[in-house]
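Architecture and fold: a report
Listed here are the chains, written in short residue letters.
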Amino acid sequence: MNLIGISSDHGGFDLKTDIILLLNELGHEVNDMGPDNSKSVDYPDYGVSVAQAVISKNVFRGIVICGTGIGMSIVVNRFSGIRGALCSDLYTAKLCREHNDSNILIMGGRVIGHGLAKEIVKVWLSTPFEGGRHQKRIDKINYLEKLKKI
Ligand code: RB5
């Protein structure tokens, strides 16, 4: 059983509620980092909490949801060590794990239906990283970052 951190803004609140139910059904522990209602909030406040929890290893992986997924993508991918993947199809959900070792799943609550989103979560959680040549590329990201080239 792995602890999953999850957050949204108002645009992703309904989907977050459904995804938490799914995660519980799948046997995952969930750290819901808010919000606890659908009132208007700012997505950066909620994206930061999940990104920090993943980096500090307080959670195994994270899921963040806003209206389009774009705001949350911008926020979480500013953190060194975060590989956030915006997914609205199953192929991307699989490949972002196999090739990119994605550690945060991002979705747009106003873009995809709940049924598809749940399948995306299942694939993303169950697909392992392939390593090998893909690890080399992730190492390169970290190296370029260290040199302040990115
Ligand atoms: C909120 O209205 C909306 O801007 C937000 O959920 C997100 O889509 C931003 O990228």
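What comes next concerns the included structure. (Residues numbered from 1 in each chain as written. Predicted model: local features only at pLDDT ≥ 70, side-chain atom pairs only at ≥ 80, totals over all residues. Heavy atoms only, no water.)

1. A few points about the nonpolar core
This is how it is decided: As used here, the term nonpolar core means buried Ala, Val, Leu, Ile, Met, Phe, Trp, Tyr and Cys residues forming a set that is joined through side-chain atoms within 4.5 Å. Throughout this description, buried means an accessible area under 20% of the type-specific maximum (1.4 Å probe, protein chains only), exposed means over 50%, and partly exposed covers the range between. Numbering of helices and strands runs from the N terminus; a helix is a DSSP stretch of H or I covering at least four residues, while a strand is a stretch of E covering at least two. Any pair of residues with heavy atoms lying within 4.5 Å of one another is described as a contacting pair.
Within the largest apolar cluster, 21 residues are counted, with the highest numbers of intra-cluster contacts made by Ile-19, Leu-23, Ile-63, Leu-105, Met-107 and Val-121. Where this core is concerned, the elements lending two or more residues are strand S1 (3–8), helix H1 (13–25), strand S3 (61–66), helix H4 (90–98), strand S5 (104–108) and helix H5 (114–126). Each residue touching Leu-23, except ones within four places of it in the same chain, is listed here: Ile-4, Ile-6, His-28, Val-30, Ile-63, Val-121 and Leu-125. Met-33, Val-41, Cys-66 and Val-76 belong to the second largest nonpolar core, which has 15 residues in total.

2. A word on the site of the ligand
Condition: Note on definitions. A residue lies near a molecule or strand when any single heavy atom of the residue is within 4 Å of it. For this analysis, a polar contact is any N or O atom pair within 3.5 Å, provided that within protein one partner can donate a hydrogen and the other can accept it, and provided that sequence-adjacent residues contribute only side-chain to side-chain pairs. Using a 1.4 Å probe, accessible areas were evaluated by the Shrake-Rupley method; residue-level cover was limited to the displayed protein chains.
Around the ligand sit Asp-9, His-10, Tyr-43, Cys-66, Gly-67, Thr-68, Ile-70, Gly-71 and Arg-110, and that is every residue in its neighbourhood. A distance of 2.6 Å separates an oxygen atom of the ligand from a polar side-chain atom of Asp-9. Gly-71 places a polar main-chain atom, nitrogen or oxygen, 2.8 Å from an oxygen atom of the ligand. Taking 290 Å² as the accessible area of the ligand by itself, protein coverage stands at 70%.

3. Details of the sheet that holds strand S2 (residues 29–32)
Put simply, the rule reads: Only when DSSP finds a minimum of two bridges between them are two strands counted as paired. An axis is simply a line fitted to the C-alpha atoms; with a helix, the fit covers only the stretch in contact. Between two such axes, the angle follows the N-to-C directions and lies from 0 to 180 degrees.
Strand order in this open sheet of five strands is S2-S1-S3-S5-S4, and the pairing throughout is parallel. What marks the edges here is a single partner per strand, and that holds for S2 and strand S4 (84–86). Going from strand to strand, the sheet's axes swing by 25° on average, the running direction of each strand aside. Where S1 and S2 come together, four bridges link them in parallel fashion. By the bridge assignment for S2, Ile-4 is matched with Val-30. Running over the sheet, H5 touches S1, S3 and S5 and is turned about 170° from S5.

4. Let's talk about the pairing of S3
Where burial is concerned, most of S3 is hidden: six out of the six residues are buried. Bridging between S1 and S3 involves five bridges; their strand directions are parallel. Note that in S3 the partner of Ile-6 across the bridge is Ile-63. Pairing analysis gives five bridges linking S3 to S5, with the strands arranged parallel. Residue pairing for S5: Ile-63 is matched across the bridge by Leu-105.

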